[in-house]
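# Structure at a glance
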Amino acid sequence: MSVATTATCATTEAPDRALLPVVGADTRVPLVDGRSVAYANLDYAASAPALEAVAARVVEVLPLYASVHRGAGYLSQVSTALYESSRATVARFVGARPDDVAVITRNTTDALNLLAGCVPDGGRVLVLDVEHHANLLPWVSAFRDTGRTATILPAAPTVAATLVALRDELARRPYALVTLTGASNVTGEALPLTSVVALAQEAGARVAVDGAQLLPHRAFSLAESGVDYVAFSGHKTYAPFGAGALVGRRDWLDAGTPYLAGGGAVRDVRTDRTLWQPAPARHEGGSPNVLGAVALAQACDTLQALPAGALAAHEEALRDRLVTGLATVPGARVLRLWSDSTDPVGVVSFTVGDHDSGLVAAYLSAEHGIGVRDGRFCAHPLLARVGVDGGALRASVGVGSTAETVDRLVAGLLAFVADGPRARYEVVDGCWTVAGDTRPRPAVSGIDAIAATAAAACGPAVED
Ligand code: PLP
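Residues numbered from 1 in each chain as written. Predicted model: local features only at pLDDT ≥ 70, side-chain atom pairs only at ≥ 80, totals over all residues. Heavy atoms only, no water.

### Focus: the domain arrangement of the chain
Note the following rule: Note: domain ranges come from an automatic or database domain assignment. In this description, contact between two residues means that some pair of their heavy atoms is separated by no more than 4.5 Å. Computed with a 1.4 Å rolling probe, the buried area is the accessible surface lost when two parts are put together, summed over both parts. By salt bridge we mean one thing: a side-chain nitrogen of Lys or Arg within 4 Å of a carboxyl oxygen of Asp or Glu. Residues adjacent in sequence count toward polar contacts only when both atoms are side-chain atoms; beyond that, a polar contact is any pair of N or O atoms within 3.5 Å, and within protein one must be able to donate a hydrogen and the other to accept it. The numbering of helices and of strands both runs from the N terminus, where a helix is a DSSP run of H or I of at least 4 residues and a strand a run of E of at least 2. Classes in brief: Ala, Val, Leu, Ile, Met, Phe, Trp, Tyr, Cys and Pro nonpolar; Asp, Glu, Lys and Arg charged; the others, Gly included, polar.
Splitting the chain by domain gives domain 1 (3-47 + 308-457) and domain 2 (53-304). Between the C-alpha centres of domain 1 and domain 2 there is a distance of 29 Å. At the interface, 37 residues of domain 1 touch 33 residues of domain 2. Between domain 1 and domain 2, the buried area comes to about 3,000 Å², and carbon and sulfur atoms account for 56% of it. Area buried by domain 1 at its contact with domain 2 is led by Trp-338, Val-345 and Arg-385, which between them contribute 23% of it. Summed over the shared surface of domain 1 and domain 2, the result is 5 salt bridges. Put simply, Arg-385 and Asp-129 hold a salt bridge, and the shortest N to O gap is 2.6 Å. Where domain 1 meets domain 2, there are 27 residue pairs in polar contact (both at pLDDT 80 or more). Sorting the residues of the side of domain 1 that touches domain 2 by element identifies α10 (310-326), β15 (347-352) and α12 (380-385) as the ones contributing at least two each. Considered class by class, the residues forming the side of domain 1 that touches domain 2 number 22 nonpolar, 7 polar and 8 charged.

Now the structure itself:
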């Protein structure tokens, strides 16, 4: 696997305006020197801000909020209708076939764990070692003692060689499912879905796509791609209200282990037996998240209403500008999985010389008001594969990003390499922080615990 130093050339003029308005685009954040600046959000891949259209829709339906599937009251019926029409919108967004089922979940992790419980008994799953943990652990930990098994195949240094490795492995033994990311949360790259689907279909296996990073960035269709299942998260798709989805073939979802046992998932319960509902209700035990589903549906509609290719063009131009800018930063290395991959989404991870990624991220935040992600991005085997031991930095863009945001990051990195940090930083419980940080907190309640929360996230590990 290579760690590339090359930058692609900017082919399109990078946009100086957001493609769609997002909530909080003007939010200012304090710097350690006492100034404040507009927040440069380059962390869309972790969680994207809400579209203004999504926020407006939530405000619109909030007065109509009532229980879903549980009440004869007028507003309960309205809320139930909103929930079910949101499900239909989500299915349409992913190009579902008429007999596919859309299950509303909490997020992608939830959706893939749900799918793991629906793989037929004794089924074997094939997955590459470059997946986000959400598309690795369900097939390993969650499969333990279930009779189902997973093969974790090492990715090869090129797309072409990885496809050959997949083909060979599929020929070696029968697989029920091949599951892969639609776009890597580390490099933005992906294998060509059409090729993987063709290989899987030839071997009689189904295909699941972890769409967490694909669906916010590119149009996708189950029907057109031949993919059997897709999972994605509302909070990465500009709808941060706690809903995600799993959409795909009905038979496995109807027969699979009910994901959340409880009210709503059952038809009839006696103390000695339970009659379960078919999907999607079978997997949606408990009171449904109607506001989350409505928000997700609004995001889907808004993205789908963009002119064809506009989303991809916006992000490609910003990604090109970012990669070109990083090439000017001494010691910066952009991580790549495959030397022959094409069309990555707007997610770029990199290292800066031997500098600790946690320190660089803390510096960018405290001295430039820039938000990036650092660490191993919930993809530890992938980071090991590209030869990064400690951690890296990740900048990711979306519909609210502009060239100015990207340029600020490059300027911040250049200043870091040239002059180093001006403030003093220290590691507290494994996390880089400004020593004696006096930046004021926003005037909203519940903010006092920031430091304690960060420390808790860096706490000691417990082995599986
Ligand atoms: N898959 C990929 C590619 C991701 O980037 C992420 C989150 O970063 C996930 C799955 C998990 O998504 P969630 O945290 O919304 O469950």
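More follows now that the structure is in view.
### Quick word on the pairing of strand β5 (residues 101-105)
Look at any regular strand and the pattern is simple: side chains alternate between the two faces of the sheet. This is how it is decided: Burial classes follow relative accessibility: with a 1.4 Å probe on protein chains only, a residue under 20% of its type's maximum area counts as buried, one over 50% as exposed, and anything between as partly exposed. Two strands are said to pair when DSSP picks up at least two bridges between them.
With 5 of its 5 residues buried, β5 lies for the most part within the structure. Where β5 and strand β11 (residues 244-248) come together, 5 bridges link them in antiparallel fashion. If you follow Ala-102 over to β11, its bridge partner there is Val-247.

### Digging into the site of the ligand
Worth spelling out the cut-off: Summary of the distance rule: residues count as near a molecule or strand when at least one heavy atom falls within 4 Å of that molecule or strand. In short, Shrake-Rupley with a 1.4 Å probe defines the accessible areas, and a residue's cover is counted only from the protein chains shown.
Near the ligand there are 13 residues, and of these Thr-109, Asp-210, Ser-233, His-235 and Lys-236 occur at the shortest range. The backbone of Thr-108 places a nitrogen or oxygen atom 3.3 Å from an oxygen atom of the ligand. Lys-236 has a polar side-chain atom sitting 2.6 Å from an oxygen atom of the ligand. Relative to its unbound accessible surface of 390 Å², the ligand loses 90% to contact with the protein. Tallied by class, residues from the shell around the ligand come to 2 nonpolar, 9 polar and 2 charged.

### Topic: the pattern of salt bridges
For the coordinates displayed, the defined rule picks out 25 salt bridges. Here Arg-336 and Glu-189 are joined by a salt bridge, their closest N and O atoms 3.7 Å apart. Placement of the pair is Arg-336 in the loop between β14 (332-335) and β15 and Glu-189 in the loop between β8 (177-181) and α6 (193-202), with a sequence separation of 147 residues. Look at Glu-189 and you get buried, because its relative accessible area is 2%.

### Focus: unusual backbone geometry
Across residues other than glycine, the phi torsion is negative in most instances, and most of the peptide bonds are trans. For the bond running from Ala-279 to Pro-280, omega is 5°, close enough to zero to count as cis. Among the secondary structure elements, Pro-280 is positioned in the loop between β13 (273-276) and α9 (290-304). Phi at Cys-378 is positive, roughly 55°, even though this residue is not glycine. Relative to the assigned elements, Cys-378 resides in the loop between β17 (373-375) and α12. Owing to a relative accessible area of 31%, Cys-378 belongs among the partly exposed residues under this scheme. With phi around 50°, Asp-429 is a residue other than glycine that occupies positive phi space. Note on placement: Asp-429 falls in the loop between β19 (425-428) and β20 (431-434).

### Overview of the sheet that holds β8
Rules: Note on geometry: axes are C-alpha line fits, over the in-contact stretch for helices, and angles between N-to-C directions span 0 to 180 degrees.
Reading across the sheet, the 7 strands line up as β5-β11-β10-β9-β8-β6-β7 and stay open at both edges, with mixed pairing between neighbours. In this open sheet, the two edge strands, each paired with only one partner strand, are β5 and β7 (149-153). Averaged over all pairs of adjacent strands, the angle between strand axes in this sheet comes to 20°, irrespective of strand direction. Relative to β7, strand β6 (residues 124-128) runs parallel, the two sharing 5 bridges. When the sheet's bridge partners are listed, Val-125 is paired in β7 with Ala-150. Across the sheet, helix α5 (residues 159-172) lies against β6, β7 and β8, angled at about 165° from β6, the strand it touches most.

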